[in-house]
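So the chains spell out like this:
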Amino acid sequence: NCLNFGNPNDPEIYWQFREVIRGISEACNVLETPVTGGNVSFYNEHPGGGIFPTPVIGMLGLIEDAEFILTPEFKQTGDSIAILGTTHGRMTGSEFDRCSGTETDQGTLILDLQLEKRLQELCHGLIRKNLIHSAHDCSEGGLGVCLAESSIMSGERFLGAKIDDLSGRLTLLEWLFAEDQSRIVISYSGDKEPEVSELCASYRIPFMKIGMVRPEMFSIGSVVNLRVEDLVTAYNGSLEQIITA
C-alpha cells in the first residue's frame, strides 16, 4: 500500500489516516486478502491545504488456469448486457461531480463488504461455468463510462451497445454517472440468461438486463447515439489532443 495524506498534526488529517487504516483492516479480514507492506507519505500539501486522502493498494493475483481469464470488452454481436448489483444513484464524490464543478451532498458512499464479497464470488462462478463473455467493473465514471470502455476496448471489431431507456426511479444522469459500489457489467449469450439469473439469485445479487451488444453503434436510449469508431478515435487520441491544444 501507499498512504498519502497531508499534515498529520492537523486533527482532521490524522482522523482521515486513522479511519483509512481501520477500513483497510476490515476489508482485509472480510475479503481474506492481506496487505503485506507499504509506506506512508505525510505533509503532502499545497497553498490551499492538504491533498485529498489518497490510499493506494496494489494487488497481484494468480490465475491457475488461463482458460478462465476474462476481459472487459464486448465479444459477440447479439449478446445481452446486464448489471450485477444495485444502482442507487449516489453522485457524491463522483467524476461527474468533479468535472461539472457540482458538489452533490448525498453522504459518504458506503461499501457493504459482505455484499462485495458475494458479488466477486458470483462473478468468479459465472466465469468458471463459462456463462459470460465479458465482465467490467462499474466504478470511476459510473455506468456510462463502463459501457463505453467495453465498446472501445473491442478495438477494430467496433462492437458497440444498444442500451435501453434507463428512466424510471432515477434520473438519466444518476443512471449513467453515479458511482455506487459493488456493481459489475457483464455480457452473455441470451440462451444463458436462465442460468445467469439463477446463479445471481443464489448469491443474493440483483441482476438487471439493460441492453445488447451490436456492431458499429453505441446508443443509450434516445440521448446517446455514436459510432464506436469515433469513440475509439477520441479515446486513443485524447492525450495527443491535450498536448497539442
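About the criteria used
Residues numbered from 1 in each chain as written. Predicted model: local features only at pLDDT ≥ 70, side-chain atom pairs only at ≥ 80, totals over all residues. Heavy atoms only, no water. Core = buried A, V, L, I, M, F, W, Y, C linked by side-chain atoms within 4.5 Å. Buried < 20%, exposed > 50% of the residue type's maximum accessible area, 1.4 Å probe, protein only. Helix = DSSP H or I, 4+ residues; strand = E, 2+ residues; numbered from the N terminus. Contact = heavy atoms within 4.5 Å. Pairing = 2+ DSSP bridges. Axes fitted to C-alpha atoms, helices over the stretch in contact; angles between N-to-C directions.

Student: Which residues make up the nonpolar core, and what values do they have?
Tutor: Within the largest apolar cluster, 25 residues are counted, with the highest numbers of intra-cluster contacts made by I81, L147 and F218. With 5 residues, helix α4 (residues 143-152) is the single largest residue contributor to this core. Sequence-distant contacts of L147, that is, excluding residues within four places in its chain, are made with F74, I81, I163, V185, I210 and F218. Among the nonpolar cores identified, the runner-up in size contains 18 residues, and L84, Y188, C200 and I205 belong to it.

Student: So what about the environment of L119? Which residues, and what values?
Tutor: Tracing the backbone through its elements, the reader meets L119 in helix α3 (residues 113-128). Placed 87 residues apart in sequence, L119 and P206 show a C-alpha to C-alpha distance of 9.5 Å. Other than its neighbours up to four places away in sequence, L119 contacts L84, S182, R183, I184 and I205.

Student: Please give an account of the sheet that holds strand β5 (residues 54-56) that cites residues and values.
Tutor: Sheets are built from strands that pair by backbone hydrogen bonding, the pairs being arranged parallel or antiparallel. With respect to topology, 3 strands assemble into an open sheet ordered β2-β1-β5, the strand pairing being mixed. At either end of the open sheet lies a strand with only one pairing partner, and these are β2 (39-41) and β5. Each adjacent strand pair in this sheet contributes to an overall mean axis angle of 10 degrees, direction not counted. Two strands pair when backbone bridges link them, and strand β1 (residues 2-4) and β5 are joined in this way by 3 bridges, in the antiparallel orientation.

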